[in-house]
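# Analysis of the macromolecular model
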Protein chains: 4
Amino acid sequence: MRNRIGNIFSLTSFGESHGAAIGGVIDGMPAGIRIDFERVQQELDRRRPGQSAIVTARNEKDCVKVLSGIFEGVTTGTSIGFVIENTNQHSNDYSNIKDAFRPSHADYTYTSKYGVRDYRGGGRSSARETAARVVAGAFARQALEQLGIEIYAYTSQVGNISLDKDYRKYDKNIIEQNIVRCPDADKAKDMINLISEVKAAGDTIGGVITCVAKGVPVGLGEPVFGKLHAQLGEAMLSINAVKGFEYGMGFDFADKRGSEVNDAFRCDNGSVSTMTNNSGGIQGGISNGEDIYFRVAFKPVATLLRDVETISASGYGIVLHAKGRHDPCVLPRAVPIVEAMTAIVLLDNYLLNKTTKL
Amino acid sequence: MRNRIGNIFSLTSFGESHGAAIGGVIDGMPAGIRIDFERVQQELDRRRPGQSAIVTARNEKDCVKVLSGIFEGVTTGTSIGFVIENTNQHSNDYSNIKDAFRPSHADYTYTSKYGVRDYRGGGRSSARETAARVVAGAFARQALEQLGIEIYAYTSQVGNISLDKDYRKYDKNIIEQNIVRCPDADKAKDMINLISEVKAAGDTIGGVITCVAKGVPVGLGEPVFGKLHAQLGEAMLSINAVKGFEYGMGFDFADKRGSEVNDAFRCDNGSVSTMTNNSGGIQGGISNGEDIYFRVAFKPVATLLRDVETISASGYGIVLHAKGRHDPCVLPRAVPIVEAMTAIVLLDNYLLNKTTKL
Amino acid sequence: MRNRIGNIFSLTSFGESHGAAIGGVIDGMPAGIRIDFERVQQELDRRRPGQSAIVTARNEKDCVKVLSGIFEGVTTGTSIGFVIENTNQHSNDYSNIKDAFRPSHADYTYTSKYGVRDYRGGGRSSARETAARVVAGAFARQALEQLGIEIYAYTSQVGNISLDKDYRKYDKNIIEQNIVRCPDADKAKDMINLISEVKAAGDTIGGVITCVAKGVPVGLGEPVFGKLHAQLGEAMLSINAVKGFEYGMGFDFADKRGSEVNDAFRCDNGSVSTMTNNSGGIQGGISNGEDIYFRVAFKPVATLLRDVETISASGYGIVLHAKGRHDPCVLPRAVPIVEAMTAIVLLDNYLLNKTTKL
Amino acid sequence: MRNRIGNIFSLTSFGESHGAAIGGVIDGMPAGIRIDFERVQQELDRRRPGQSAIVTARNEKDCVKVLSGIFEGVTTGTSIGFVIENTNQHSNDYSNIKDAFRPSHADYTYTSKYGVRDYRGGGRSSARETAARVVAGAFARQALEQLGIEIYAYTSQVGNISLDKDYRKYDKNIIEQNIVRCPDADKAKDMINLISEVKAAGDTIGGVITCVAKGVPVGLGEPVFGKLHAQLGEAMLSINAVKGFEYGMGFDFADKRGSEVNDAFRCDNGSVSTMTNNSGGIQGGISNGEDIYFRVAFKPVATLLRDVETISASGYGIVLHAKGRHDPCVLPRAVPIVEAMTAIVLLDNYLLNKTTKL
């Protein structure tokens, strides 16, 4: 609980936005896997601030230092400690919120719960914490690839611009070709324009990310409280600004009849599959070998670059004007975070599933 | 993991649909709480089959026997074991699915994962398992009431009939006045008619349940991986047939701007609150004292009372015609289950929050 | 924590001495194992009261009813719920301790911790709770036997009568031939005489149980906090009346030099073993393929059948005279409990070890 | 499991002896506690190599850098990440063990379990890992002190030199006045002489550490599987080289009668206490307010500074001569480790106990 996710493969993370460093401990990484460190850093680069015109201008390199658990390039089965130094903080930007509760931020709830908070850059409530997840996800992904499991996510909605087709209709190779990480090049332009416009107005905008996992073997997930989609949902909902999760047909199931949406089975040469995949690759909480896909809703970033009325910790009305450097839309940088959390959950469940039989 | 949910207050459950009994162990129930057993049974009665014309005709009494943890009517702080005997099984109804994989059921995934399954009535994958959750939830609720926390849920959509207003516009006292558990009496009639029509056609229908928790104190939930809404989402997604979860404004945040949806603070006589509650009572993963509300999407029940083409475990095509007694729509009986899971999560987090300070 | 032990294979138990029943939920039992129920009951019979002249005269049958998790005699991988009804309670025997704190019992600590306690027969603090452990251990043992792992324990000391030789010098087949469960027939007689004498005096006596596990494969146990011997020690120390644990040479290492006690390796035809086994089959917290052996110290039972001065819950001095039926020495009945806890820990670690590599 | 200990207050640790750094994440530290960093470093200094003539000559400063969780000197309730750089490794000293299995070390078991190991300085199996425990313990201790809980440990036996009196007979202020950390100044000299002699012979020696916790409130510990002494035992047995644990009268209970050793209660002015404390401050697994005390047995260090016959990983016989710098006796440096583990367990249980009642 608290700062830990995962049962067999787990991440325990630490770090505040403006502290000395963030980082974590990855426990349960299988032994004997050769690690490509460049690819770990590439995942961090996909998440890092300052990467394009539509994300925050903060320019943190986010270089990860791995301190243990790997010997001569190969995982040893022992815990992997890592740190990412905080190098580009402008802590003074936050002196004005020291005694303020920013709307739709965690300032008030943290202060109430703990009686104290590190207000600089949001402290522990900052999405900077997710860099540690990306590191753990990058390790998990390298293990999953050896099993033939592939994960990718993309921006499927920004504001009122949304992809109207099924994930199978899009070419995933297009995703990284635009800065909003959308597999439809035209919609990507519209999204980028919308974000730019919103940014210019000192405002922010929400959206949806779609994630797909291919090659997941049959049998991952536990039947009752550890259903695979429940673990995925929990993982996604733990990401900052996430407000909803649905898998397969999701909320669209609500107005459907069973006869319309049940996934019929077929068997070709001994290989079982389903003719449709409304279930989203999971039945009874357990993966069925079809593609797993789900959608994650993000609210607009709470920090506006304009005057905002709120209250101080003492309860009187004040007007804040955020300084700092902030994302007008969290979606482009959240794509690798969604992928990372998916990788963590899938590797954990792959390992757990090995204990099902003697 | 697996058959357990909760950290401090937890339920470990057991039981198959057609075995001798289902039940569980509640651990971490606070000591010194006087239990009203009638109300525990009442919650079970709200979930039980055979309660109305629009649910399955199975007529199980679902009497809970509490075996430990309570002395002279008061909880002792030790674990509470309980059983509910299975009394009305027609196991023969299921002989035809012994070697079949029913579409959109867990037959195929269980068989693949475990190599063996109890096919009678779905075995462990049956929603009968949720009766144990209702028992644990009923205990949790009695503790929460002492804290002034109230939880209620209702059916807000069945097929294309949905409530179009905010939960605050409905009278919760109406919910239990109709068999579909909807706080809008007119819409309730429409929903009942729709379910009856679907049932007559041997079909099934999906829907949405809305849940509200009032009086939750500020401070519940953990900042990073144990965010309160992530725990609620996980709990809801662990319920059979659930395909989506959103809290506060949920997926509707996706096309909103921060300036439209941020919840401004106010302070009246030292009491902090928000002027709107788009956040759904949780900010930064921690309850903020406002109402918590969320929506849960259910797919239509997979079992149709008509001929269905599928495959046998050996891979050849067969036609199944479900016998058994099945729900045409899971929503009416799922309302107390959603409430129970909410109670479990809230009590667990209330207790956990006590450890935040020395 | 609390009422649960184990990570992958776990037992969550419930039940008070004089409540309706005790029992538990076994989670993580591997699927596909055919269960011999008679042998489960036999293990319970080895633990049950009334089995001989040197144990308590209570005559409880301790029949276990398994309620789930097994279909047509084979484990299904789902949780195994079970109950053992309490049938022979003389609750009135305990009315005199309702308001008393018995010396070296848990009456005072339970009352202080929980504010309430079920005083009948010690309630949850009664060793009756260990029957649930024996059930879980009996299931674990049947899985371990398929792996060639054998576990046995025996009474190696009662009062001042102790076995002076190494476990390898004794024939384990003798253990069950005497009621004190000692593999030295002559010492067994002495122990039985001593217990009879102590019993006649209304007194009680302590002792030591030695446990041996053979055929444990190399690799079980986790390096740092989950060292195999730490898990075994925790499991043994969780048994009522246990006050000490040592493995291998244990406390006798304290006055030894490394040159005397290091276990030299040898390699015969590619098979690595050690020439001595002072380490007790575990090195660096991980099993090394040699026999695992350890010793568990038990204090004398706290309940004396004579007048005892103590205090009431209100703090004034009183004289108690225990009625009830009590063991003069816990060792004979604790042998199967020690074996059961060993089986639980070993199966859990066997399964966990499967996750070490991809 | 694995690299984590604790439920509410927990340490997740990482690091190999000759990697870049060791460290960990402390989760669940209560908010609002002002930290004295000098005292954290002092605890590390008590454990560090090179501190005296009778410990290893390695001269590591073991400076801890705290990276998060503390703001303006006060704990914030968020996770505390920390690192200790490895600065004085002579990795070349270990090239000769790359392909060797040292007797009574973890070389063979690690290689068998993981298929790979960092052989330099023992890698993860090195006791260097315990420095992270000392850091976590130093934080826990500062919280416990606010509750009036005091912990101290001392060397009570080295080889055949042992303290023959009860812990109450010794002055704890003497402990830190000698380099072996023994509260009997004369025996300390004998122990130091013995260690020096053993060291000169290239040999090593075992011993016993006694630990005492005073001021522990009534009620800590869980009744069944989380008994306080079981958690303490597990924690001690997780320390490198520990082979036995006993609390209160421990193994000496085995030849005692109940009438000799039961701890009678008394009540003075409403305050309950026991007239003797053979139980060691814990009854029924729960602290009773008396002093908690226990003994921990350590084997002699496995590394001898002389020629040792063993086998290579390929199975042929070889002769090793350890280079490196090693402790002839682990006891002096283990005293702060035992204290640290005690502090971790007590704080965890103090926090957990807060959840017992609503």
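Computed from a predicted structure; not experimentally measured. (Residues numbered from 1 in each chain as written. Chains lettered and ligands numbered in written order. Predicted model: local features only at pLDDT ≥ 70, side-chain atom pairs only at ≥ 80, totals over all residues. Heavy atoms only, no water.)

## Examining the relation of the copies chain A and chain B
Note that the two copies of the chain are related through a rotation about an axis and a translation along the same axis. As a reminder of what qualifies: For the least-squares superposition of copies, only C-alpha atoms count, and only for residues with pLDDT at least 70 in both.
For the match of chain A to chain B, the screw axis carries a shift of 0.0 Å, the RMSD comes to 0.0 Å, and the turn is 180°. Expressed as an axis order, the relation between the two copies is that of a two-fold axis.

## Considering the relation of the copies chain A and chain C
In plain terms, the rule: Throughout, a residue-residue contact means that at least one pair of heavy atoms, one from each residue, lies within 4.5 Å.
Overlay of chain A on chain C (RMSD 0.0 Å): rotation 180°, translation along the axis 0.0 Å. Counting the interface residues of chain A, we find that 100% of their copies in chain C are interface residues as well, pointing to one common contact surface.

## A word on the pairing of strand 18 (residues 307-312) of chain C
Residues and elements named next belong to chain C. As a reminder, the rule being used: Two strands are said to pair when DSSP picks up at least two bridges between them. Numbering of helices and strands starts at the N terminus; helices are DSSP runs of H or I of at least 4 residues and strands are runs of E of at least 2.
Examined bridge by bridge, strand 8 (residues 100-101) and strand 18 share 2 bridges and lie antiparallel to one another. What sits directly across from A100, in strand 18, is S312. The pairing of strand 18 with strand 19 (residues 317-321) spans 5 bridges and is antiparallel. Across the sheet, residue T310 finds its bridge partner in strand 19, namely I318.

## Points about the interface of chain A and chain C
Note the cut-off: As used here, buried area is the combined drop in accessible area, with a 1.4 Å probe, of two parts when they are placed together. Any pair of N or O atoms that falls within 3.5 Å is considered a polar contact. Within protein, one atom must be able to donate a hydrogen and the other to accept it, and sequence-neighbouring residues count only if both atoms are side-chain atoms. Here the term charged refers only to Asp, Glu, Lys and Arg, the term nonpolar to Ala, Val, Leu, Ile, Met, Phe, Trp, Tyr, Cys and Pro, and the term polar to all other amino acids, Gly among them.
At the interface, 16 residues of chain A touch 16 residues of chain C. Across the chain A to chain C interface the summed buried area is about 1,400 Å²; carbon plus sulfur atoms make up 68%. It is A:K354, A:T355 and A:L358 in chain A that bury the most area against chain C; as a group they hold 50% of the surface buried on that side. Run the count over chain A and chain C and you get 9 residue pairs in polar contact (both at pLDDT 80 or more). Every element with two or more residues in the side of chain A that touches chain C is listed here: helix 3 (130-146) and helix 7 (331-353) of chain A. Per-element accounting of the side of chain A that touches chain C gives the leading share, 4 residues, to helix 7 of chain A. Among the residues making up the side of chain A that touches chain C, the classes are represented as 11 nonpolar, 3 polar and 2 charged.

## Here's the deal with the packing of aromatic side chains
Heads up, the condition is: What counts as a ring pair is set by centres within 6.5 Å for rings of Phe, Tyr and Trp (its six-membered ring), and what kind of pair is set by the plane angle: stacked under 30 degrees, edge-to-face over 60, tilted for all other angles. Exposed residues in this analysis have more than 50% of their type's maximum accessible area, buried residues have under 20%, and partly exposed residues fall in between, with area computed by a 1.4 Å probe over protein chains only. Only Lys NZ and Arg CZ are tested; either one counts as a charge over a ring when it is within 6 Å of the ring centre and within 35 degrees of the ring normal.
Applying the stated rule across the entire model yields 34 aromatic pairs over all chains. Pairing B:Y119 with C:F71 gives two aromatic rings, centres 5.5 Å apart and planes at 90°, and the pair type is edge-to-face. Taken as a pair, B:Y119 in the loop between helix 2 (107-114) and helix 3 (130-146) and C:F71 in strand 5 (residues 70-71) lie in two separate chains rather than in one. For the pair B:Y119 and C:F71, one class covers both residues: buried. Each residue in the set A:F101, A:Y108 and B:F265 is aromatic and connected to the rest through ring pairs, giving one cluster. If you follow B:K172 out to its NZ or CZ, it ends over the ring of B:Y152, 6.0 Å from the centre.

## Here's the deal with helix 5 (residues 228-237) of chain D
The element helix 5 of chain D is extensively covered by neighbouring structure, given that 10 of its 10 residues are classed as buried. Residues D:L228, D:H229, D:A230, D:Q231, D:L232, D:G233, D:E234, D:A235, D:M236 and D:L237 constitute the buried set of helix 5 of chain D.

## Regarding the interface of chain A and chain B
Going by this rule: Definition used for salt bridges: Asp or Glu carboxyl oxygen within 4 Å of a side-chain nitrogen of Lys or Arg.
Across the contact, 102 residues belong to chain A and 103 residues belong to chain B. At the boundary of chain A with chain B, total buried surface from both sides reaches about 8,200 Å², with 62% on carbon and sulfur atoms. Between B:R257 and A:E197 there is a salt bridge, with its nearest N and O atoms 3.2 Å apart. In this assembly, chain A and chain B are joined by 41 residue pairs in polar contact (both at pLDDT 80 or more). Split by residue class, the side of chain A that touches chain B holds 43 nonpolar, 36 polar and 23 charged. Inspection of the sheet shows strand 12 (residues 242-247) of chain A paired to strand 12 (residues 242-247) of chain B by 3 bridges, in the antiparallel sense. If you follow A:E246 over to strand 12 of chain B, its bridge partner there is B:G244.

## Observations concerning the pattern of salt bridges
Enumeration over the complete set of coordinates arrives at 99 salt bridges over all chains. Across the pair A:R181 and A:E176 runs a salt bridge, and its minimum N-O distance is 2.9 Å. The partner of B:R46 in a salt bridge is B:E43, and the shortest N-O contact between them spans 3.0 Å. Of this pair, B:R46 and B:E43 both sit in helix 1 (residues 37-47), 3 residues apart, which is roughly one turn of that helix. Accessibility classification places B:R46 together with B:E43 in one group, the buried group. One network of salt bridges, in which partners are shared, links A:E43, A:R46, A:R141, A:E176, A:R181 and A:E339.

## Comments concerning unusual backbone geometry
Positive phi, normally seen in glycine, also occurs at A:E72, with a value near 55°. One non-glycine residue with positive phi stands out, namely D:A241, at about 75°. Counting through the fold element by element, D:A241 comes out in the loop between helix 5 and strand 12 (242-247).

## Observations regarding the confidence of the model for chain A
This is how it is decided: Confidence of the prediction at every residue is given by pLDDT, a number between 0 and 100.
Across chain A, the average pLDDT comes to 95, with 99% of residues at 70 or higher. For this predicted complex, the interface score ipTM comes out at 0.97, alongside a pTM of 0.98.

## Some details on the pairing of strand 3 (residues 21-27) of chain D
Residue and element names in this part refer to chain D. With 7 of 7 residues buried, strand 3 lies mostly within the body of the structure. Across 5 bridges, the pairing between strand 2 (residues 10-14) and strand 3 is antiparallel. The residue of strand 3 that forms the bridge with S10 is D27. Between the end of strand 2 and the start of strand 3, which pair antiparallel, lie 6 residues, with G15 showing a positive phi angle near 120°. With 6 bridges connecting them, strand 3 and strand 7 (residues 80-85) associate as antiparallel partners. Across the sheet, I22 pairs through a bridge with I84, a residue of strand 7.

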